[in-house]
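# Summary of the model geometry
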Amino acid sequence: HFPTLAEVSKELSCKKIAIDLSIWIFEGDFAGGVPKPYLRTLFFRCVNLMSTKFGACLPVFVSDPRIPSLDLTLKNATRAARYK
């Protein structure tokens, strides 16, 4: 059985969780219509994690110091197709 949001929030309440920052930025790049959509996505996800509604988790961001070449190629191709 999959845990409910209430069960998960009890487990994570007042804890630090590690988040791969590059994934959030990559996903945020697909939210169009606003300048720097990845910042907006990052902001609202942090607000949701730190709100008492979800148990007040503290996000700790981890990041690889370099972008793997495959990810960079895919990201550049996606951006080029979007802004054609």
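Below: a short report on this structure. (Residues numbered from 1 in each chain as written. Predicted model: local features only at pLDDT ≥ 70, side-chain atom pairs only at ≥ 80, totals over all residues. Heavy atoms only, no water.)

## Quick word on the packing of helix α2 (residues 21-28) against helix α3 (residues 37-50)
For clarity, the cut-off: Axes here refer to lines fitted to C-alpha atoms; in helices the fit is confined to the stretch in contact. Angles between the N-to-C directions go from 0 to 180 degrees. Per the convention used, a helix needs a DSSP run of H or I reaching at least four residues, while a strand needs a run of E reaching at least two, with both numbered from the N terminus. Oblique is the label for every angle not falling under 35 degrees (roughly parallel), over 145 degrees (roughly antiparallel), or within 65 to 115 degrees (roughly perpendicular). Here a crossing is called left-handed whenever its near helix is offset anticlockwise from the far helix by less than a right angle, and right-handed whenever the offset is clockwise. Contacts between residues were defined by any pair of non-hydrogen atoms, one from each residue, lying within 4.5 Å.
Where α2 meets α3, the axes come as close as 7 Å, and the angle between the chain directions of the two elements is 120°. Taken together, α2 and α3 sit at an angle that is classed as oblique. Along this stretch, α2 crosses α3, giving a crossing that reads as right-handed. The segment α2 lies against α3, with Leu21, Trp24, Ile25, Glu27 and Gly28 engaging Pro37, Tyr38, Thr41, Leu42, Arg45, Cys46 and Leu49.

## Things to note about the nonpolar core
What counts here: What makes a nonpolar core is a set of buried Ala, Val, Leu, Ile, Met, Phe, Trp, Tyr and Cys residues whose side-chain atoms join them at distances within 4.5 Å. The buried label applies to any residue whose accessible area, calculated with a 1.4 Å probe on protein chains only, is under 20% of its type's maximum; exposed applies above 50%, and partly exposed to all values in between.
By size, the foremost hydrophobic cluster in this structure holds seven residues: Ile17, Ile19, Trp24, Leu42, Cys46, Leu49 and Cys57. When residues of this core are traced back to their parent elements, those giving at least two are β1 (16-20) and α3. Broken down by element, the residue count for this core peaks at three residues, all from α3. Setting aside its immediate chain neighbours within four residues, Ile17 contacts Leu12, Leu49, Cys57, Leu58, Pro59 and Val60.

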